[in-house]
Amino acid sequence: MTPSKPTDTHTDTEHNTTSAPRLRSRRWFDDPSNPGMTALYLERYMNYGITREELQSGKPIIGIAQTGSDLAPCNRHHLDLASRVRDGIRDAGGIPLEFPVHPIQETGKRPTAALDRNLAYLGLVEILHGYPIDGVVLTTGCDKTTPACLMAAATVNIPAIVLSGGPMLDGWYHGKLAGSGTVIWDARKRLSAGEIDYSGFMDMVASSAPSVGHCNTMGTALSMNSLAEALGMSLPGCAAIPGPHRERGWMAHATGKRIVGMVAENLRPSDIMTKGAFENAVVAAAALGASSNCPIHMIAIARHMGVEHTLEDWQRLGPEVPLLVDCQPAGRFLGEAFHRAGGVPAVMKELLDADRLNADVRTVTGRTLGEDLAAVPTPDREVIRAYENPLKESAGYVVLSGNIFDSAVMKVSVIDQAFRKRFLADPDHPDVFEGKVVVFEGPEDYHARIEDPETGVDERSILVIRNCGPVGFPGGAEVVNMQPPAALLKRGIDTLPTLGDGRQSGTSASPSILNVSPEAAVGGGIALLVSGDRIRIDLKTRKVDLMIPEAELAERRAAWKPPVLKNMTPWEEIYRSMVGQQGSGACLEPATLYLNIVETRGESRHNH
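Note that this is a predicted model, so its numbers are computed, not measured. (Residues numbered from 1 in each chain as written. Predicted model: local features only at pLDDT ≥ 70, side-chain atom pairs only at ≥ 80, totals over all residues. Heavy atoms only, no water.)

## Looking at helix α10 (residues 246–265)
For α10, with 20 residues, the first-to-last C-alpha span of 29 Å sits near the 28 Å given by 1.5 Å per residue. Looking one or two residues past α10, N266 carries a phi angle of roughly 55 degrees, positive in sign. (Helix = DSSP H or I, 4+ residues; strand = E, 2+ residues; numbered from the N terminus. Expected span 1.5 Å × (residues − 1).)

## Looking at the environment of L588
Relative to the assigned elements, L588 resides in the loop between α22 (570–578) and α23 (597–601). Here L588 falls in the buried class, since its relative accessible area comes to 4%. Residues L588 and A230, spaced 358 residues apart in sequence, show a C-alpha to C-alpha distance of 25 Å. The contacts of L588, once residues within four sequence positions are left out, are N118, L122, W571, Y575, M578 and V579. (Buried < 20%, exposed > 50% of the residue type's maximum accessible area, 1.4 Å probe, protein only. Contact = heavy atoms within 4.5 Å.)

## Observations regarding the packing of helix α9 (residues 220–231) against helix α12 (residues 275–288)
Running from N to C, α9 and α12 cross one another at 140 degrees; their axes reach a closest spacing of 8 Å. Looking at the two axes, α9 sits oblique to α12. Along this stretch, α9 crosses α12, giving a crossing that reads as right-handed. Within the contact between the two elements, α9 uses S226, L227, A230 and L231 and α12 uses A277, F278, N280, A281, A284, A285 and L288. The residue makeup of the contact of α9 with α12, split by class, is 9 nonpolar, 2 polar and no charged. (Axes fitted to C-alpha atoms, helices over the stretch in contact; angles between N-to-C directions. Parallel < 35°, antiparallel > 145°, perpendicular 65-115°, else oblique. Left-handed = near helix turned anticlockwise from the far one by under 90°. Nonpolar A, V, L, I, M, F, W, Y, C, P; charged D, E, K, R; others polar.)

## Overview of the pairing of strand β12 (residues 462–465)
Across a regular strand the side chains alternate sides, sitting on one face of the sheet and then on the other. Every second residue of β12 is oriented toward a common face, with I462 and V464 on one face and L463 and I465 on the other, all of them buried. Relative to β12, strand β11 (residues 432–440) runs parallel, the two being bridged by 4 bridges. In the strand pairing of β12, V439 is matched with V464. The sheet contact formed by β12 and strand β13 (residues 498–500) spans 3 bridges and is parallel. What sits directly across from L463, in β13, is T498. (Pairing = 2+ DSSP bridges.)

## With respect to the nonpolar core
If you look at the biggest cluster of nonpolar residues, it comprises 165 residues, and the most contacted ones within it are L138, L227, F338 and L351. With 10 residues, α12 is the single largest residue contributor to this core. Sequence-distant contacts of L351, defined by excluding residues within four places in its chain, comprise V283, A284, A287, V321, L324, R356, L357 and Y387. Grouped together as the second largest cluster of nonpolar side chains are 10 residues, W28, I50, I95 and L97 included. (Core = buried A, V, L, I, M, F, W, Y, C linked by side-chain atoms within 4.5 Å.)

## Re the confidence of the model for the protein chain
Of all residues in the protein chain, 97% have pLDDT values of 70 or greater, and the mean over the chain is 94. The weakest mean pLDDT in the protein chain belongs to strand β1 (residues 10–12) at 36; the strongest belongs to strand β6 (residues 160–164) at 99. Low pLDDT, under 50, characterises residues 1–21; the stretch is placed with 42 contacts to residues that sit more than four places away or in other chains. (pLDDT = per-residue confidence, 0-100.)

## Let's talk about the packing of helix α7 (residues 182–192) against helix α8 (residues 198–206)
Where α7 meets α8, the axes come as close as 9 Å, and the angle between the chain directions of the two elements is 165 degrees. Taken as axis vectors, α7 and α8 run roughly antiparallel relative to one another. Where α7 crosses over α8, the two elements pack in a sense that is right-handed. Across from V183, I184, D186, A187, R188, R190 and L191 in α7, the residues of α8 making contact are Y198, F201, M204 and V205. Of the residues belonging to the contact of α7 with α8, the class tally is 8 nonpolar, no polar and 3 charged.

## Things to note about empty space enclosed by the protein
One pass over the full model with this rule turns up 4 cavities of 30 Å³ or more. When its volume is computed, the largest cavity comes out at roughly 100 Å³. Looking at the largest cavity, the residues that line it are E229, A230, G232, S234, P236, V344, P345, M348, T363, L369, D372 and L373. Counting only elements with at least two residues in the lining of the largest cavity, the list comes to α9, α16 (343–353) and α17 (369–373). The residue inventory of the lining of the largest cavity, partitioned by class, reads 7 nonpolar, 3 polar and 2 charged. Roughly 80 Å³ of internal volume is contained in the second largest cavity. (1 Å grid on protein atoms, 1.4 Å probe; cavity = no way out; pocket = protein on both sides within 12 Å on 5 of 7 lines; lining within 4 Å. Points joined across faces, edges and corners; volume = space filled by probe spheres on them.)

## A look at unusual backbone geometry
For the bond running from Q328 to P329, omega is 10 degrees, close enough to zero to count as cis. Here P329 shows up in the loop between α14 (311–317) and α15 (335–341). Cis geometry is adopted by the peptide bond preceding P518, which originates at S517 and carries an omega value of 0 degrees. Looking at the secondary structure, you find P518 in the loop between β14 (513–517) and β15 (534–538). Although it is not a glycine, D431 adopts a positive phi angle of roughly 65 degrees. Its location among the elements puts D431 in the loop between α18 (417–423) and β11. Even without being glycine, A586 reaches a positive phi, approximately 50 degrees. Here A586 is to be found in the loop between α22 and α23.

## Observations concerning the sheet that holds strand β4 (residues 95–100)
Working definition: the strands of a sheet are paired by backbone hydrogen bonds and lie parallel or antiparallel to each other. The sheet built from 4 strands is open, its strands ordered β4-β3-β5-β6 with parallel pairing. The open sheet has two free edges, formed respectively by β4 and β6, since each of these has just one partner strand. Pairs of neighbouring strands in the sheet enclose a mean axial angle of 25 degrees, with direction left out of account. Note that strand β5 (residues 135–140) and β6 share 5 bridges and pair parallel. Note that in β6 the partner of L138 across the bridge is V162. Against the sheet, helix α4 (residues 78–91) engages β3 (61–66), β4, β5 and β6, with an angle of about 165 degrees to β3.

## Overview of the environment of H77
Note that H77 resides in the loop between β3 and α4. The class of H77 is buried, set by a relative accessible area of 7%. A C-alpha to C-alpha distance of 9.6 Å links H77 and T67, two positions 10 residues apart in sequence. In this view, H77 contacts G165, G166, V212, G213 and G243; residues no more than four positions away in its chain are not counted.

Take a look at the structure:
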């Protein structure tokens with residue numbers, strides 16, 4: 001790909017500087033043809049100490065999109081890292097302006113943080129388009145902050161770069177690694193089995209969060225920040241540096257410096273987030289053992305970038321890619337070991353050498369991916385395996401369909417031997433399971449009835465949860481990874497097949513069938529299931545079918561009535577009225593029509 005040609009180039013004789021392209025911020029701060037508006041914009045930005053000389057110097061104005069706050073503890077250390085970003089921007093000749101982004105904290109926001117991904121995206125689009133910003137540093141960390149920021153950067157399409165916050169330090173509990181999120185599922189099983197009490201449960205889970213940073217497992221946070229790097233939107237090595245490490249501050253400084261260079265080069269998201277880059281991210285996700293939430297977010301980013309990228313790409317490119325990273329929940333280690341082993345560059349180098357990547361895509365460095373990876377050393381082979389010696393031969397996502405849904409995904413890298421032996425090892429029908437469903441109408445119904453013997457859950461049941469999708473919940477709740485009742489746990493049966501129109505935490509090792517689209521609340525076939533129905537799951541043909549006559553299925557469909565949905569806030573009503581399904585990225589559908597808006601729609605009109 002050749003570099004984008006600068007537009008509106010000029011020599012600024014008044015300040016004896018050259019800018020290419022002409023900086024957007026000059027249209028606010030130094031427009032001699034409109035002194036009235038220039039003065040109005042200029043004077044208020046001077047009132048806390050920035051000088052007129054700085055604002056009219058011809059230096060680029062660089063935004064720092066601040067996702068850290070007390071409400072977002074996974075990103076809170078960005079409040080401190082921003083000072084190093086500022087230093088880098090200043091050292092490279094830019095002017096930093098820091099501003100807040102709507103907070104998104106996976107573990108704090110009710111009903112689900114997924115509801116606010118699109119809200120944060122909308123807010124950031126308005127900031128990047130409506131304020132005097134020439135380029136932006138996107139501070140990311142907790143799950144939804146990364147796609148929200150990248151979606152907005154794609155829509156506005158001004159120079160942008162991602163600075164991840166990094167994972168927490170490794171957690172430890174009784175001498176064993178305790179991974180954030182992942183430890184919760186283990187603790188729940190121990191609590192249900194009576195092995196620990198309430199206090200022990202709290203202590204066990206809290207042990208996994210020993211420092212600043214996001215999840216130290218390969219949950220959605222580390223997965224999405226790793227894929228931001230795989231896309232080319234972060235400097236090499238950025239994603240895996242633990243939050244407290246000094247290298248995180250070094251990376252913040254380097255990122256601040258680099259965005260100034262990107263503005264000078266007019267290197268924009270459209271130059272980086274191409275079809276080839278998204279294909280690379282699919283392959284990287286499989287090798288990383290990344291979260292099942294990644295397809296949703298990557299499809300959403302691509303749609304806002306105007307790149308054709310669908311679940312078909314995940315099925316075409318991912319399933320045969322081997323698992324290379326030995327990191328929880330698909331492996332043993334946590335973020336510190338992943339970083340020390342070589343992080344994302346080491347994984348990408350393995351994939352590049354195996355001819356699985358598009359090497360000629362550009363990255364924020366201004367170079368190609370192949371050039372970035374040329375000097376990457378051999379990693380620690382205990383944590384990052386060689387391509388020829390993987391943890392698992394085939395680790396990508398399987399995209400499923402059938403007579404009750406159009407699409408769903410299953411993360412096969414977390415299918416362990418016990419699950420495979422119990423459900424997928426029939427010698428006459430390998431990778432096929434048939435069982436009776438037990439249907440729950442949401443997480444409240446599941447928690448109320450899972451321990452009731454009358455519910456009828458046994459070791460051959462398929463647990464189904466519905467009304468948990470983008471419209472139904474709303475937002476798409478992380479509730480599909482349902483554990484069996486305590487009676488089965490005590491017998492050593494700690495996992496059952498699960499299926500639902502919600503999502504699953506990226507830190508969960510449950511091989512669930514997730515993100516069922518269309519969801520129950522909009523009339524998807526999952527709404528027609530009745531407890532006791534038999535479902536056949538065939539991973540080889542990628543089919544999931546309800547085993548009843550088509551005529552009966554049609555009768556159920558004709559009798560279905562939409563549920564009455566209660567909106568708790570104005571945003572919930574707005575969101576439900578516009579959101580699409582998980583299989584197409586759960587985007588606000590009208591927003592996907594707004595592409596490259598500065599170039600195609602122009603700048604906003606003056607405010608006075």
